[in-house]
Amino acid sequence: MLIAGDVGATKTLIGLFSPEPGRPDLVEARTFTTLEYVSLEGIVAAFLEDLQLSSDAITAATFGVAGPIVEQVAQLTNVPWRVSAGALAAYFTFPRVTLLNDLEAMAYSVPVLRPDELAFLQAGRPVATGNAALIAAGTGLGEALLHFVDGRFIPSPTEGGHADFAPRTPREIALLEHVLGWNGRADYERVLSGPGLANIHRFTHDRGCAVCGTTSGTLADPSLVSQAALDGSCPECVAALDLFVSIYGAEAGNLALRCVATAGVYLGGGIAPKILPALQDGRFLEAFRSKAPMDAFAALVPVAVILNERAGLLGAAVHAQG
Ligand SMILES: [Zn+2]
Ligand SMILES: [Zn+2]
């Protein structure tokens, strides 16, 4: 049996999988509140105990963690503990433990996703031997690459979410100045993530937002912003989501250019499925394709939203299976 984990700053998802050709089968999954534990060992021990499972039954474990990994040790972003593959393997006597960047883990799921787990924004013309890319706006912004080498995809992490935001219009330039004014730097994550949507919302509202319940200058709950935008109850919330969607499309297109993603660009993370109608209204693709002289290239890149909320966990299991 395999253990897979998706370790986030707020929630940690642990799953038990049985190996299957191609795509491991989920047997059982549990969600833990990360900060209720002092270590990942504590969470995994609670999971094994809950399932009355001996650690001898586990042949491999892979954990996706939010944050950079150096020599199989990760200092988590916004969590006061370190995770070490060696320490986990020694503690549980698991034969094989691997830490992956969370987006790298999700990238492992891409080749095994089923058609009903994807919503295509652009069919494009997929090239089976081409590279693919993954971009995921959620608590932060993650990006990963899938290089096609020797007949299969090799996922690779990036810290592309912290690359510099490149505004394309006078309105986006004003947004950049707004972000620089209070933060001093505008990486993509400052505008393209849940907190990023709240920043854009503050930018589009001169006096606060009655629908989201914010006063001037304060930050809204991003899920309230997308709801107010989708149901049209506040024009400035609509404007905020419009900007967000355009920036998402433009950066997804940048990613496609950087790795020649002729096999597809995949949108992961919690936000995309929740704003699917906004992603489908044309603005996203308009920004994605506005890449002259590479606009014809961009129009042929397949673009799909990942609907499986547990793609990160599934990808970690795919990796554990080896
Ligand atoms: Zn609002
Ligand atoms: Zn509003």
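The shown structure was predicted, so the numbers you read here are calculated from the model rather than taken from an experiment.

**Focus on the coordination of the zinc ion (ligand 1)**
The coordination sphere of the zinc ion (ligand 1) contains the protein donors His 201 (NE2), Cys 209 (SG), Cys 212 (SG) and Cys 237 (SG), at a distance range of 2.1 to 2.4 Å. Given four donor atoms and angles of 100 to 118 degrees at the metal, the environment of the zinc ion (ligand 1) is assigned as tetrahedral. Site description for the zinc ion (ligand 1): donor spacing in sequence, H-x7-C-x2-C-x24-C.

**Regarding the layout of surface pockets**
In this structure, the second largest pocket spans a volume of roughly 270 Å³. In terms of lining residues, the second largest pocket is bounded by Gly 22, Tyr 108, Pro 111, Leu 146, Arg 152, Phe 153, Ile 154, Pro 155, Val 318, His 319, Gln 321 and Gly 322. In terms of residues, the lining of the second largest pocket owes the most to one element, strand S12 (residues 152-157), which gives four residues. Each of two domains, domain 1 (2-108 + 316-321) and domain 2 (124-301), supplies a minimum of three residues to the lining of the second largest pocket.

**Let's talk about unusual backbone geometry**
Going from Ala 292 to Pro 293, the amide bond is cis rather than trans, its omega being 10 degrees. Positionally, Pro 293 belongs in the loop between helix H10 (283-289) and helix H11 (295-299). A positive phi angle, near 50 degrees, is found at Asp 150, a position not held by glycine. Tracing the chain through its elements places Asp 150 in the loop between strand S11 (141-149) and S12.

**Considerations on the side chain of Thr 98**
Residue placement: Thr 98 occurs in strand S8 (residues 97-101). With near-sequence residues (within four places) excluded, Thr 98 lies in contact with Ala 61, Thr 62, Phe 63, Gln 72 and His 319.

**As for the domain arrangement of the chain**
Quite often, the size of an interface is put as the accessible area lost when its parts meet. For the chain, the assigned domains are domain 1 (2-108 + 316-321) and domain 2 (124-301). With centres defined by C-alpha atoms, the gap from domain 1 to domain 2 works out at 28 Å. Taken together, the eight residues of domain 1 in the interface contact 12 residues of domain 2. Here domain 1 packs against domain 2, burying approximately 780 Å² in sum over the two surfaces, 75% of which is carbon and sulfur. Summed over the three residues of domain 1 that lose the most area to domain 2, namely Leu 103, Glu 104 and Ala 107, the buried surface amounts to 57% of that side. On inspection of domain 1 and its partner domain 2, the count reaches zero residue pairs in polar contact (both at pLDDT 80 or more). For the side of domain 1 that touches domain 2, the residue count by class is five nonpolar, two polar and one charged.

**A few points about the packing of helix H5 (residues 194-204) against helix H6 (residues 222-230)**
Axis separation between H5 and H6 bottoms out at 8 Å; the angle between their running directions is 60 degrees. With respect to each other, H5 and H6 are oriented oblique. The handedness of the crossing between H5 and H6 comes out as left-handed. Along its contact with H5, which presents Gly 194, Pro 195, Leu 197 and His 201, the element H6 presents Pro 222, Val 225 and Ser 226. Considering only residue class, the contact of H5 with H6 consists of four nonpolar, three polar and no charged.

**Here we look at the coordination of the zinc ion (ligand 2)**
Protein coordination at the zinc ion (ligand 2) comes from His 205 (NE2), Cys 209 (SG), Cys 234 (SG) and Cys 237 (SG), with a distance range of 2.0 to 2.4 Å. Coordination at the zinc ion (ligand 2) is tetrahedral: its four donor atoms span angles of 96 to 128 degrees at the metal. All donors of the zinc ion (ligand 2) come from a single chain, and their spacing in sequence reads H-x3-C-x24-C-x2-C. Between the zinc ion (ligand 2) and the zinc ion (ligand 1), a separation of 2.9 Å is found, and both are coordinated by Cys 209.

**Concerning the packing of aromatic side chains**
All told, the structure shown has eight aromatic pairs when counted by the stated rule. Note on Phe 148 and Phe 153: the rings are 5.2 Å apart at their centroids and 80 degrees apart in plane angle, and the pair reads as edge-to-face. Owing to a relative accessible area of 23%, Phe 148 belongs among the partly exposed residues under this scheme. A ring pair is formed by Phe 165 and Tyr 188, whose centres lie 5.5 Å apart and whose planes are at 80 degrees; its orientation type is edge-to-face. With Phe 165 in the loop between S12 and helix H4 (170-183) and Tyr 188 in the loop between H4 and H5, this pair connects stretches of sequence that are 23 residues apart. Each member of the pair Phe 165 and Tyr 188 is classed as buried. Three or more aromatic residues joined by ring pairs make a cluster, and in this case those are Phe 244, Tyr 248, Phe 284 and Phe 288. Geometry around Trp 182 places Arg 202 over its ring, the cationic atom sitting 4.8 Å from the centre.

Conventions adopted
- Residues numbered from 1 in each chain as written.
- Chains lettered and ligands numbered in written order.
- Predicted model: local features only at pLDDT ≥ 70, side-chain atom pairs only at ≥ 80, totals over all residues.
- Heavy atoms only, no water.
- Donors = N, O, S within 2.8 Å, 3.2 Å for Na, K, Ca; no water.
- Tetrahedral: all angles 85-135°; square planar, octahedral: opposite > 155°, others 65-115°.
- 1 Å grid on protein atoms, 1.4 Å probe; cavity = no way out; pocket = protein on both sides within 12 Å on 5 of 7 lines; lining within 4 Å.
- Points joined across faces, edges and corners; volume = space filled by probe spheres on them.
- Helix = DSSP H or I, 4+ residues; strand = E, 2+ residues; numbered from the N terminus.
- Domains from an automatic or database assignment.
- Contact = heavy atoms within 4.5 Å.
- Buried area = accessible area lost by both parts, 1.4 Å probe.
- Polar contact = N/O pair within 3.5 Å; in protein donor to acceptor, adjacent residues only side chain to side chain.
- Nonpolar A, V, L, I, M, F, W, Y, C, P; charged D, E, K, R; others polar.
- Axes fitted to C-alpha atoms, helices over the stretch in contact; angles between N-to-C directions.
- Parallel < 35°, antiparallel > 145°, perpendicular 65-115°, else oblique.
- Left-handed = near helix turned anticlockwise from the far one by under 90°.
- Phe/Tyr/Trp six-rings, centres within 6.5 Å; stacked < 30°, edge-to-face > 60°.
- Buried < 20%, exposed > 50% of the residue type's maximum accessible area, 1.4 Å probe, protein only.
- Lys NZ or Arg CZ within 6 Å of the ring centre and 35° of its normal.

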